[in-house]
Amino acid sequence: MTNTSGVNLCPPPFWDATLFAQKGGFTDGRLCQTVGEMKCCLPCPMTDWVYPDYFVTLTAVANWVSTASLICCAFLLLSWACLPVEKTNRHYLSICLTIAVLLMNLGFVIPLAAQPDQCYDKITPHSMKTSKVCGASGSFLLLGGWAGVMWAFLRSLSLHLQICWQVLVGRSFMIFAQAAGWGIPILGIVLALVFSGLSFRFGATCHINHQNSLADFWIPLLLFAGLTVVITFATFGYCIKVYLASLSDNHASSGSSLPTYTNSVKTLSPRQAYRRVRRVISLQWRGIAIVLIIIADVIFFSVIFVFQDNIVQSVTHDPKVGEKWALCLIGASGDKNKCLKEASSLVVNDATVTAVLLLLALNGIWLLFLLGRWSMVTGWAELIIGPLKKNKKEFVSVDARTETINKETRSYEMLSRDSSAEVTPVSPVKYASNGRRTPDYFGRTARYHAPARSFSSPNPPTSTTTWEAEKTFAAPTSPTPYDRDPLGMNRT
């Protein structure tokens, strides 16, 4: 039945779907139910009708926390780019993981800055085709989530290879990590945008639509997240095994004098293996912690969002699921506060949603605390204050100032070639009576007596010394081999 009168025949707060165009925005995102021959839809946005009024404030707080997280990521990236490596200890795994978190934070910061209108009309939410803010925020969120999971997976894999298999990850692993860490997320977001799309569904940030979302986004994302968890716990299990084996090892590894091949796992004693594992973990515990935090946040967000998405789809396809809540809204004349209890069974509660948003927003702050160093602050201080110190005048002593004022210079004497080795006295320096004064310890005449064989003067030595063998008890000079009798050489 088509409503040609232009009058809303649905009970408030619902709107007749025939009053609006069937194209434009995300029409599949309408929450509608059939009442008789009419199709009545809930006004957009849906979150305004199923959550309390303070839910908007909670989401805004989460977006501001994302802004602070974005600043922390930017500080880390600038420090790694501008400061020397001894100040930052930068590594490509940390840099790429920080870039991924920064992209994910942009998905929450862009709507905070743009303040977009979530609805195309009164019942239809905007899609990525009708809102540029929706396309940008949703794309950054999906790309950042994909990249965060991939770089957490690669960091966990790198640690596992170093600890459990003693593999030195080098240039080959770096090339593989760059290809997989950015190639798979780009491929994943292309598939998600083509086969699912984005729209305003929960809050001011666009999310992926329900259609094909499990196959092209959620299942692959959770697959790599699950592999990361498995690899991380396998590494922890190996560490526990090595620690327990070291407790039963009674001999110290350093007490053996026999040479061992340290690159082989089989030649390491349990205590040696434990020391090696402990050394690696002491250097990598920050990376392990941030990997676990990001993976936990992504898995938590994925589970909550998929659960919420399935509930909304069930309400759309089965009118009986939301019938009690719809009748409550009609009976209350559109007062949502009287029907929040009935709506609580249709959505995830506001406390859980706020916790998910805050956990995602805090990732950048965790990165700063775990990957940042105090030497970065000192490095920036040296970088900024260093050029200012160079412009300052050099320190001038009081003695130099006094001599400049009185225009008195010290007298020096240069030795000529024809002069003797005797040094003439130098007149002591006179200082102003009103200034700082140094006692004259060298006022007395000093003479220098040159040694007999001194060549410091250009004059030749007065006498030559000859060498006499008798005075040195040297053996007499023997005849040359040519003067000996060959027949008498062996005579006794």
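Residues numbered from 1 in each chain as written. Predicted model: local features only at pLDDT ≥ 70, side-chain atom pairs only at ≥ 80, totals over all residues. Heavy atoms only, no water.

(A) The arrangement of the overall build of the chain in detail. Scanning the chain from terminus to terminus reveals 14 helices and 5 strands. Within the chain, the proportion of its 492 residues that are buried is 39%. Contacts in the chain between residues at least 24 apart in sequence constitute 75% of all its contacts with a sequence separation of at least 6. Entry remark: accessible area of the chain is about 30200 Å², with carbon and sulfur atoms responsible for 63%. (Helix = DSSP H or I, 4+ residues; strand = E, 2+ residues; numbered from the N terminus. Buried < 20%, exposed > 50% of the residue type's maximum accessible area, 1.4 Å probe, protein only. Contact = heavy atoms within 4.5 Å. Areas by Shrake-Rupley, 256 points an atom, 1.4 Å probe, with all protein chains shown as cover.)

(B) Helix α4 (residues 92–114), seen in detail. Over its 23 residues, α4 runs 32 Å from end to end, which matches the ideal 33 Å to within 8%, given 1.5 Å per residue. The largest bend in α4 is about 30°, located at glycine 107, with the proline proline 111 one to four residues further on. Counting buried positions along α4 yields 18 of 23 residues, so the element is predominantly enclosed. In the segment just after α4, glutamine 115 is the residue with positive phi, at about 50°. (Expected span 1.5 Å × (residues − 1). Bend = angle between axes of the 7 residues up to and from the residue.)

(C) Region of interest: the pairing of strand β2 (residues 32–35). Strand direction decides the pairing type here: β2 and strand β3 (residues 38–41), joined by 4 bridges, are antiparallel. Each residue of the ladder has a partner; that of cysteine 32, found in β3, is cysteine 41. A loop of 2 residues connects β2 with β3, the two strands running antiparallel in sequence, and glycine 36 in this loop sits at a positive phi of about 70°. (Pairing = 2+ DSSP bridges.)

(D) Structural view of the state of the cysteines. Enumeration according to the criterion identifies 5 disulfides in this entry. Here cysteine 32 engages in a disulfide with cysteine 41; their sulfurs sit 1.8 Å apart. What sets the handedness of the cysteine 32 and cysteine 41 disulfide is the S-S torsion sign, and at about 100° it is right-handed. Exposure remark for cysteine 41: the relative accessible area of 0% places this residue in the buried category. In this model cysteine 44 forms its disulfide with cysteine 119; the gap between the sulfur atoms is 2.0 Å. Residues cysteine 44 and cysteine 119 are joined through a disulfide that is left-handed, its torsion about the S-S bond being -90°. Here cysteine 44 is found in the loop between β3 and α1 (47–50), whereas its partner cysteine 119 is found in the loop between α4 and α5 (132–164), with 75 residues between them in sequence. Each member of the pair, cysteine 44 as well as cysteine 119, is classed as buried. (Disulfide = S-S within 2.5 Å.)

(E) Summary view of the nonpolar core. Core analysis: the biggest nonpolar cluster contains 88 residues, and Leu42, Trp151, Ile208, Phe217, Trp218, Trp325 and Leu367 have the highest contact counts within it. Here this core takes 13 residues from α5, the largest share from any one element. Beyond its immediate sequence surroundings of up to four residues, tryptophan 151 is in contact with Tyr92, Leu93, Cys96, Leu97, Ala177, Gln178, Gly181 and Trp182. By size, the runner-up hydrophobic cluster in this structure holds 10 residues, among which are Ile163, Cys164, Val277 and Val280. (Core = buried A, V, L, I, M, F, W, Y, C linked by side-chain atoms within 4.5 Å.)

(F) Seen up close, the side chain of glutamine 308. Mapped onto the elements of the fold, glutamine 308 is located in helix α8 (residues 270–317). Of the polar contacts made by the side chain of glutamine 308, one reaches the side chain of tyrosine 51; its length is 3.5 Å. Ignoring sequence-local partners within four residues, the contact set of glutamine 308 consists of Tyr51, Phe202, Leu346, Val347 and Val348. (Polar contact = N/O pair within 3.5 Å; in protein donor to acceptor, adjacent residues only side chain to side chain.)

(G) Highlighting the packing of aromatic side chains. What the rule picks out here adds up to 13 aromatic pairs. For the ring pair phenylalanine 217 and tryptophan 218, a centre distance of 4.8 Å and an interplane angle of 80° mean the geometry is edge-to-face. Residue phenylalanine 217 shares its accessibility class with tryptophan 218, and that shared class is buried. Ring centres 5.3 Å apart and planes at 35° place the aromatic pair tryptophan 218 and phenylalanine 305 in the tilted group. Of this pair, tryptophan 218 sits in helix α7 (residues 213–247) while phenylalanine 305 sits in helix α8, placing them 87 residues apart in sequence. For the pair tryptophan 218 and phenylalanine 305, a shared accessibility class is recorded, and that class is buried. An aromatic cluster of at least three residues, connected via ring pairs, comprises Phe202, Phe217, Trp218, Phe301 and Phe305. (Phe/Tyr/Trp six-rings, centres within 6.5 Å; stacked < 30°, edge-to-face > 60°.)

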